[in-house]
Structures are given as C-alpha cells and as structure tokens.
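Structure assessment
One-letter residues, chain by chain:
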Amino acid sequence: MNTKSLLTRLGRLYPKRIAVKNGDYVGYMAGKKVKKVRKIVLVLDLDEIIIDEVLAHSPDLVITHHPLIYGTRFRVFQRDPAKKAFVEKLDKLPMMVYSIHTNFDEAPNGMNDALIKRLGVSDVVALEGNPMARGAKLIRPLPIKKFAKHAVTALNAQYGELVHAGKEMIESVAIIGGGGSRSWRHAFEEGYDIYISGDAPHHVRRDVMNAGYNYLNVPHEIENIFMPQMKEVLLTIDPTLEVIAIKHEFPPELVK
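Here is a short report on the structure shown in this document. (Residues numbered from 1 in each chain as written. Predicted model: local features only at pLDDT ≥ 70, side-chain atom pairs only at ≥ 80, totals over all residues. Heavy atoms only, no water.)

Quick notes on the layout of surface pockets
- Empty space within the largest pocket amounts to approximately 240 Å³.
- His101, Thr102, Asp105, Met132 and Gly179 are the residues nearest the centre of the largest pocket, which is lined by 21 residues in total.
- When grouped by side-chain class, the residues that make up the lining of the largest pocket number four nonpolar, twelve polar and five charged.
- Of the volumes computed, that of the second largest pocket is approximately 160 Å³.
- Looking at the second largest pocket, the residues that line it are Lys145, Ala148, Lys149, Val152, Gln158, Tyr159, Gly160, Leu162 and Leu216.
- For the lining of the second largest pocket, the leading source of residues is helix 7 (residues 144–154), giving four residues.
- Considered class by class, the residues forming the lining of the second largest pocket number five nonpolar, two polar and two charged. (1 Å grid on protein atoms, 1.4 Å probe; cavity = no way out; pocket = protein on both sides within 12 Å on 5 of 7 lines; lining within 4 Å. Points joined across faces, edges and corners; volume = space filled by probe spheres on them. Nonpolar A, V, L, I, M, F, W, Y, C, P; charged D, E, K, R; others polar. Helix = DSSP H or I, 4+ residues; strand = E, 2+ residues; numbered from the N terminus.)

This is the structure:
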C-alpha cells in the first residue's frame, strides 16, 4: 500500500491534533521514509531490547504506541546520548518508525474504547472532564472485590492494587490505560463507582481515600491491547498488509 495513503487514513482515525499538547510528539519518528508498505511491525516501545527481533522481520514500517522520541530531537539528544545513537542507527535503515500515542488513546476505536469493552459494559461514553477516559455501566453489577478480580483478568493486568474507600457494589466504571491516575477526580465527579488506571503515586491514593472513592491501580502494560487493536484497524484499511504484533512488555515481578 502507498505509505502516504496509509498514514492519511490513520491520521483521519487518530488525528494528531487531539494528541496531548505540550510534549506528546506523535507521527514520524525515525528511519527512511518509504514509499510503499507491505509489512508492518507493532510494538508498545521501540528500543534496544526489542530492535533485533523487529529487524528480523524486515518491516517497511514500525508503529509504536509510546513515542520513540519524546520531545524535539535537539532536546532529547542533548540529554540522552544513548537515544541519539539509537535513532541515528535507525535513520540509516530502510524502514520508517511512526508513533500513535494519546491520539490513539482518545479517539474512537482506540486504546480506551478497547479497554473498557473488555470489562463487560454498556453505554460507553467519553468523560466530560477528560475525553481520553471512558465511562460505562456494567452489564452486571458486582461487589467491589469481585469486580476488581474480574477487571484484572479481563485487562490481562496480572495484578491490581485496590483502594476501597467508596461504594461496595460497582455498577459503573471509568478507565484510562497507562498512567492516567490523576484523572480519577473526573470519574468521581461524574458519578462513576470506580476508576481504573495505572502509575498511581502515594499522594493520589491518599486523595482517593480522603474523597471516599474507589480506585484500581493496574500496571501500565495493560496498554499491550494496542497491538491487537491496531492490527485490526490496519487490516480493515488494507487486508493484504502483513501485520506482526510483538508483545514484549510485562509488569515488574510482584514479590510478596
């Protein structure tokens, strides 16, 4: 498929203009800009850990969720010489690296739509206070601890940390994949019984408890859903594409 046509189609689905402003750099990252795309590799992050496996597939295009270069090249390279060397190596390769991050998180049929649908819900809407988040009603209300176990399993989260200071029966839920802990207050104010996200620091957990609310902190790696979701989108655009999804990120080992 023509590269420009493919990226134009993706841009209509996940517009750059809705990516988080002031720091989220999405789009072309590195590598040579190719004219045609036949084979695509999908990863959450492109780094030294995974690069050999990626290159073994000889892709024309690598699509990452997290931006390879988080900021301008000048500033990133100035503070991170290892990143500079890695990107300079990629720039010599006959493949293109492209990132779709918070524009994928917010847009319809993106990250957070995919995550919340896993929970068994109806009436999915974007939160008014943060359109990246999704809220919905549970098809079947559950006691909070049963819901937490259900959510961990449904999201392939391996484990979760439950702050239980609110309702005992869960009838509605809001979620942001990745590190969206600070948006819990939007879910609380809009009437959802529990909020799910990751990377919650201590002070956020304390604020949730003081508000008398429920929060389920899950690993950032639930964002692995990016790969099957994006693969489905790409094959809808062009079923002849070869799309290889590499799941290579897992939460830290939980030591009890």
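Description of empty space enclosed by the protein
- In the structure shown here, the tally under the stated rule is one cavity of 30 Å³ or more.
- For the largest cavity, the calculated volume is near 40 Å³.
- Around the largest cavity, the lining residues are Leu7, Leu10, Gly11, Tyr14, Lys16, Gly27, Tyr98, Ser99, Ile100 and Asn103.
- Put simply, the parts of the chain that give the lining of the largest cavity at least two residues each are helix 1 (3–13) and strand 4 (96–99).
- When grouped by side-chain class, the residues that make up the lining of the largest cavity number five nonpolar, four polar and one charged.

Notes on unusual backbone geometry
- One non-glycine residue, Ser58, lies in positive phi territory at about 50°.
- Along the chain, Ser58 falls in the loop between helix 2 (51–56) and strand 3 (61–64).
- The phi angle at Asn156 is positive, at roughly 55°, despite the residue not being glycine.
- Mapping Asn156 onto the fold places it in the loop between helix 7 and strand 7 (161–164).
- Classification of Asn156 as partly exposed rests on a relative accessible area of 42%. (Buried < 20%, exposed > 50% of the residue type's maximum accessible area, 1.4 Å probe, protein only.)

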